[in-house]
Amino acid sequence: MKCDNVRELQPDDVPIDTNRACWRLRHDLKKCMYESDCIQKDKRPIRECFLDPAANVPEACRNLQYTYQQCRRSMLDMRTRFRGRKGDNG
């Protein structure tokens, strides 16, 4: 379901919250997805592009998505107190 009165967000419109965990990966993933053909040409929402395996999304975005998920998942692992979060270099 699409709303006609909602304006499309661009990657520069959303402020970067550097206090969040894995923020660099999240920002890179958003930027990659906004530049993908699935959003630019097909005009599909980001959620649909992520969930549809046949969507026109570059492999680099899929890899960023996986790395971001691993980073977020590692936040629940108590061993990360000693090792640090996976994929988060900041």
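The rules behind the values
Residues numbered from 1 in each chain as written. Predicted model: local features only at pLDDT ≥ 70, side-chain atom pairs only at ≥ 80, totals over all residues. Heavy atoms only, no water. Axes fitted to C-alpha atoms, helices over the stretch in contact; angles between N-to-C directions. Helix = DSSP H or I, 4+ residues; strand = E, 2+ residues; numbered from the N terminus. Parallel < 35°, antiparallel > 145°, perpendicular 65-115°, else oblique. Left-handed = near helix turned anticlockwise from the far one by under 90°. Contact = heavy atoms within 4.5 Å. Nonpolar A, V, L, I, M, F, W, Y, C, P; charged D, E, K, R; others polar. Disulfide = S-S within 2.5 Å. Buried < 20%, exposed > 50% of the residue type's maximum accessible area, 1.4 Å probe, protein only.

Draft legend 1. Structural view of the packing of helix H1 (residues 23–34) against helix H4 (residues 59–74). One way to put it is that H1 packs onto H4 with a least axis distance of 9 Å and a crossing angle of 155°. When the axis of H1 is compared with that of H4, the two are roughly antiparallel. Read as a crossing pair, H1 and H4 show a hand that is left-handed. Taken together, the residues of H4 that come into contact with H1 (itself represented by Leu25, Arg26, Asp28, Leu29, Cys32 and Met33) are Ala60, Cys61, Leu64, Gln65, Thr67, Tyr68 and Cys71. Residues belonging to the contact of H1 with H4 are distributed by class as follows: 9 nonpolar, 2 polar and 2 charged.

Draft legend 2. Summary view of the state of the cysteines. A complete count under the given rule lists 3 disulfides for this structure. A sulfur-sulfur distance of 1.8 Å marks the disulfide that ties Cys22 to Cys71. Sign of the S-S torsion, about -90° for the bond between Cys22 and Cys71, identifies this disulfide as left-handed. Of this pair, Cys22 sits in the segment before H1 while Cys71 sits in helix H4, placing them 49 residues apart in sequence. Classification of Cys71 as buried rests on a relative accessible area of 0%. Across a sulfur-sulfur distance of 1.9 Å, Cys38 and Cys49 are joined as a disulfide pair.

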